[in-house]
Each structure stands twice: as C-alpha cells, then as structure tokens.
Amino acid sequence: MPEYSDHFGPEGLRIRGTVLVVPGRGETRAAYARFGRRLAADAYRVRVIDAPGIDADDLTGSLTGFGAQLVAALEGTAAQDGVVRPVVVVGADTGAAAVAALLGREETPAAWRPEAVVLAGLPGHTATGAGTWDEELDVRTFCPAHRGTLTEDAGVRRGSLQDAVPDALLTAAYGGDTGVPALILVGDADPLADRDAVARTAKSLSRARLSVIRDAHHDVLNDLQHRSVAAEIITFLETLRNELTPVIAVESSAW
C-alpha cells in the first residue's frame, strides 16, 4: 500500500483546493512537512507522495507507473463530495521533470489531470560534483532548519544529486506542453539549473509564469526564502481560482 503524508486545513474552514507534492532525487516526504503545513494553513488539502522512480531504459513505463501513482494519491483525498478542485501538482527536481513529462504526453489520463502545476527546481543535465554531505547540502539549501531535517532523516539518499537525470526525461520535460497553467520556480544560485532551458520552456508554454528566487539554491521550496516562495505559490493558487486574474493589482509603489 502506498504511504502518504497528509496536511489538513484549520477545522471548520472550507477546503479551497487539493495540492499533490512530488519530491525529487534522494528526498523523502519528510522534507516537505513544513511546506505542506504552510499551504494547509490557507485551507488547501495537501498530500505529499513518494518521489517517482524513473528508469532511463523505460521512460514510457516509468511515466505510466507515475501516472497511476498520482491517480491513486488523488483519489485517496476525496471527501464525501469527491476530490476538491482545483487540483494542483507541485513537483521538485526530478519530481518536477516527471510531472512536466507526464503532462506532455497526449495519452495523459483525464482521471488525474490537474488544473495547474508548479515546477520547482527543474534540473538540467549537470550533476553535482559534491563529494561530502556538507557540499551536497550547500547545493540544496542554506536554510539551517532544512539542512537539519535532511541530515536527521535516515531515509534521505545521500549523494543522489550526483545521479545524472535521464536525457529522455529532460527532453520530454522541456520539450512538451503541460496544457495547463504552470508556475515555474528557479533559484538564481542553483548550480543544477539550466536557466536558458527553463526560460525557453516558460516562453514556449501558453500559460506559464517563471519566478526567479534571489540567492536560492536547488531545493527552492525549502531554502532560506521558503516563506516568500510559499507566498508566491499561494498567490498562484488564488489566481487560479480567480480564472488566472490577479486578485491584487499594484497601481502605485515607491519600492
């Protein structure tokens, strides 16, 4: 039986939507506990699943299995009246690449197709050369709390960022069209990001927003700027509920 980490909104508040979170290389669900709690505090139903397994020799089979994983996770969030929409999938690292690649396939099942996606820390072809755990942490995050979470989690696979991402997965992730609104997040201090590829992809999609987080590293959802990043995602969720019309428009500002 699959296992999930669930986060629920404050009691008595109506659920505003459902968010599925997909971790990346080497991560466990525990890495997204803080992130899940923060979104849930704004009355979103949040479920964190396990990172997808990607077989470089069988990308089609891997994505099919990943799609089934998402369907099962989403169906399990259903309340008495069914799954609360909009449904948004948030992917990090290879989780983001797998989400983008899966949505780019023509045969993506409607059963799990979300209303929007958040793609955080999309990886490039570069793998980290970090040899020690502290060096790997420096690639991931400078947030002391998150560094502690990763270090204390026995399930974290250390050295995972040295694994090259399959070329076929990257080609599918960067070359397809998600077909739904996409918020793309990248840290400008992320040594694993292919900024040119990310920018090209954002421009090629019909409804995409590219947000660059200053001084953020690869684990952009869990770096020092995690509060601002979560706020950006909440703003995106609320804009989505408002048919992609911003709820707030700035008319004048001195900063």
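Our structure's up above, just so we're on the same page.
Computed from a prediction, not measured in an experiment: that's the story for all the values here.

Check the secondary structure of the chain and you find 8 helices and 7 strands. A compact globule built from 255 residues should have a C-alpha radius of gyration of about 18 Å, and the chain, at 17 Å, falls within 12% of that. For the chain, with 255 residues in total, the buried portion stands at 50%. Entry remark: accessible area of the chain is about 12,000 Å², with carbon and sulfur atoms responsible for 49%. Mean positive and mean negative side-chain charge positions of the chain (24 and 35 charges, respectively) differ by 5 Å.

Here the bond from Arg 85 into Pro 86 is cis, since omega is 10°, no more than 30 degrees from zero. Note on placement: Pro 86 falls in the loop between helix H2 (59-75) and strand S4 (87-92). Positive phi values are uncommon outside glycine, yet Asp 93 reaches one of about 55°. Mapped onto the elements of the fold, Asp 93 is located in the loop between S4 and helix H3 (94-103). What makes Asp 93 buried here is its relative accessible area of 6%.

This next bit is on the environment of Arg 195. Position of Arg 195 among the secondary structure elements: in helix H7 (residues 195-204). In sequence terms Arg 195 and Leu 119 are 76 residues apart; their C-alpha atoms lie 13 Å from each other. The contacts of Arg 195, once residues within four sequence positions are left out, are Val 186, Asp 188 and Val 212.

Across soluble globular proteins, nonpolar side chains have a tendency to be buried as a group. The biggest cluster of nonpolar side chains holds 36 residues, and the ones touching the most others in it are Phe 66, Leu 70, Val 99, Val 117, Leu 119 and Leu 122. Of all the elements in the fold, those that place two or more residues in this core are strand S2 (18-22), H2, S4, H3, strand S5 (116-120), helix H6 (167-175), strand S6 (182-187) and H7. Considering each element in turn, this core owes the most residues, 8 residues, to H3. Phe 66 has contacts with Val 22, Ile 49, Pro 52, Ala 98, Val 99 and Leu 102, leaving out every residue within four places of it along the chain. Core analysis: the second largest hydrophobic core is formed by 32 residues, Ala 92, Val 156, Leu 185 and Val 229 among them.

Here we take up the packing of H3 against H6. At their nearest, the axes of H3 and H6 sit 7 Å apart, and the two run at 65° to each other. With respect to the hand of their crossing, H3 and H6 are arranged in left-handed fashion. Along the contact surface, H3 presents Ala 97, Ala 98, Ala 100 and Ala 101, while H6 presents Leu 169, Ala 172 and Ala 173. Residue classes in the contact of H3 with H6 are distributed as 7 nonpolar, no polar and no charged.

As summarised here, the arrangement of the 7 strands in space is S1-S3-S2-S4-S5-S6-S7, forming an open sheet in which the pairing is mixed. Each having just a single partner strand, strand S1 (5-7) and strand S7 (208-213) make up the two edges of the open sheet. Between one strand axis and the next, the sheet turns through 15° on average, direction left out of account. Direction of pairing for S2 relative to strand S3 (residues 45-48): parallel, over a ladder of 4 bridges.

Rules and cut-offs
- Residues numbered from 1 in each chain as written.
- Predicted model: local features only at pLDDT ≥ 70, side-chain atom pairs only at ≥ 80, totals over all residues.
- Heavy atoms only, no water.
- Helix = DSSP H or I, 4+ residues; strand = E, 2+ residues; numbered from the N terminus.
- Rg over C-alpha atoms; globule rule 2.2 N^0.38 Å.
- Buried < 20%, exposed > 50% of the residue type's maximum accessible area, 1.4 Å probe, protein only.
- Areas by Shrake-Rupley, 256 points an atom, 1.4 Å probe, with all protein chains shown as cover.
- Lys, Arg positive; Asp, Glu negative; His and termini not counted.
- Charge placed at Lys NZ, Arg CZ, Asp CG, Glu CD.
- Contact = heavy atoms within 4.5 Å.
- Core = buried A, V, L, I, M, F, W, Y, C linked by side-chain atoms within 4.5 Å.
- Axes fitted to C-alpha atoms, helices over the stretch in contact; angles between N-to-C directions.
- Left-handed = near helix turned anticlockwise from the far one by under 90°.
- Nonpolar A, V, L, I, M, F, W, Y, C, P; charged D, E, K, R; others polar.
- Pairing = 2+ DSSP bridges.

The values are spatial; any link to function lies outside them.
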